[in-house]
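Results of the structural survey
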Amino acid sequence: KDFRNTVKPNWCPGCGDFSVQAAIQRAAANVGIEPNELAVISGIGCSGRISGYINSYGFHGIHGRALPIAQGLKMANRDLHVIASGGDGDGFAIGMGHTIHAIRRNIDITYIVMDNQIYGLTKGQTSPRSAAGFITKSTPGGAIEPSLKPLEVALTSGATFVAQGFSTDIKELTALIEAGINHKGFSFINVFSPCVTYNKVNTYDWFKENLTKLADVEGYDQSDRGMAMRTVMEHEGLVTGIIYHDTETRSYQEKVPGYSELPLTDIDIKMSENDFNDLIKEFM
Ligand code: SF4
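Residues numbered from 1 in each chain as written. Predicted model: local features only at pLDDT ≥ 70, side-chain atom pairs only at ≥ 80, totals over all residues. Heavy atoms only, no water.

Observations regarding the site of the ligand
Filter applied, for reference: Only a single heavy atom is needed: when it lies within 4 Å of a molecule or strand, its residue is near that molecule or strand. Charged means Asp, Glu, Lys or Arg here, nonpolar means Ala, Val, Leu, Ile, Met, Phe, Trp, Tyr, Cys or Pro, and polar covers whatever is left, Gly included.
Near the ligand you find Trp11, Cys12, Cys15, Cys46, Asn116, Gly120, Cys195, Val196, Thr197 and Tyr198, and these make up its full shell. When grouped by side-chain class, the residues that make up the shell around the ligand number 7 nonpolar, 3 polar and no charged.

Spelled out as structure tokens, the structure:
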């Protein structure tokens, strides 16, 4: 079960995305699946390249649209483990509509956001996750808007699994991804993955100084949505660990009447050419 391939990532040396790649590879091996049982679907951005760097099925999609592809894939083949991934610009700007609806829909896939609070591929513009006052080429006077709060959005959108990691802590990140893959429903994992080239504010050292591990918060109960929300807000979103885990709500697939027990590709659809032509006519 080796999820490494021979493609050399072209991320900048020191980019946080290397650790996310390694954590996905380790987590997939730890849950005991084979490379042909995993599909990694990515959006656009530096992080979007990850689907080409893992020995599994992969699809490098379009900007903000990794989730529709990933959900469709899972609905067509329940046997595949599906990971969608992308950056904060991809998932929280152009893709935000998909993100919220995928969270509330609760299809059994894992969504990993590599959150570096900036647009890296397009050379350093303010993203929805940049803090107010953040200075870039697109906001030379400092960002006016406050940053989007993905954990609060996920918790209030009905998420059944919410976690957050930091890319230098590969051990914790691997455990979070493993738990996300094993979760029976939509698992949302936000990862602080520093952009060493364009974000000189939210650096590795900055995160080390500001992050709190939920494992160190006394009495923290990951099954309590209210406690999760209060704790996230008290720490201004700067926590790592499993933030919320609902083990009882059934996934979308489990609720769909007649959801195929077989992957669609294994179903023998007997259809003559005439039947097919009649079907096509209905859509014309
Ligand atoms: Fe990583 Fe930033 Fe370089 Fe992109 S520009 S590869 S996010 S360090």
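Next comes the rest of the account.
A few points about unusual backbone geometry
Our working definition: Only DSSP runs of H or I covering at least 4 residues are called helices, and only runs of E covering at least 2 are called strands; the numbering of each starts at the N terminus. For every residue, the accessible area (1.4 Å probe, protein chains only) is compared with the maximum for its type, and the residue is labelled buried under 20%, exposed over 50%, or partly exposed between those bounds.
Notably, Gln117 is not glycine yet its phi reads approximately 60°, a positive angle. Along the chain, Gln117 falls in the loop between strand 4 (110–115) and strand 5 (118–119). With a relative accessible area of 4%, Gln117 lands in the buried category. Phi is positive for Lys123, which is not a glycine, with a value near 75°. If you trace the backbone, Lys123 turns up in the loop between strand 5 and strand 6 (125–126).

Considerations on the packing of aromatic side chains
The geometry of two aromatic rings is summed up by the distance between their centres and the angle between their planes. Our working rule: Only centres within 6.5 Å qualify two rings of Phe, Tyr or Trp (six-membered ring in Trp) as a pair; their planes then separate them into stacked at under 30 degrees, edge-to-face at over 60, and tilted for everything else.
Per the counting criterion, the structure on display carries 9 aromatic pairs. Aromatic pair Phe166 and Phe207: ring centres 5.5 Å apart, planes at 45°, arrangement tilted. A residue pair is termed long-range when its members are at least 10 positions apart, and Phe166 in strand 7 (residues 161–166) and Phe207 in helix 7 (residues 204–210) qualify at 41 residues. Using a relative accessible area of 6% as the deciding quantity, one classes Phe166 as buried.

Notes on the environment of Gly158
Condition: Whether two residues are in contact is decided by their heavy atoms: any pair within 4.5 Å suffices.
Inspection of the secondary structure puts Gly158 in the loop between helix 5 (150–156) and strand 7. With a relative accessible area of 32%, Gly158 lands in the partly exposed category. Here the alpha-carbon distance between Gly158 and His101, two residues 57 residues apart in the chain, equals 9.7 Å. Contact partners of Gly158, with chain neighbours within four places excluded, come to Ile103 and Arg225.

Some remarks on the nonpolar core
The following threshold applies: Throughout this description, the term nonpolar core refers to a set of buried Ala, Val, Leu, Ile, Met, Phe, Trp, Tyr and Cys residues connected via side-chain atoms within 4.5 Å.
Among the nonpolar cores identified, the biggest contains 32 residues, and Leu155, Val162, Phe186, Phe188 and Ile243 are the most heavily contacted of them. At the level of secondary structure, the elements contributing two or more residues to this core comprise strand 1 (38–42), helix 2 (66–76), strand 3 (81–87), helix 4 (96–105), strand 4, helix 5, helix 8 (225–234) and strand 10 (239–245). Element by element, the count of residues in this core is highest for helix 5, at 4 residues. Counting residues in hydrophobic clusters, the runner-up holds 28 residues, among them Ala22, Ile33, Leu173 and Leu176.

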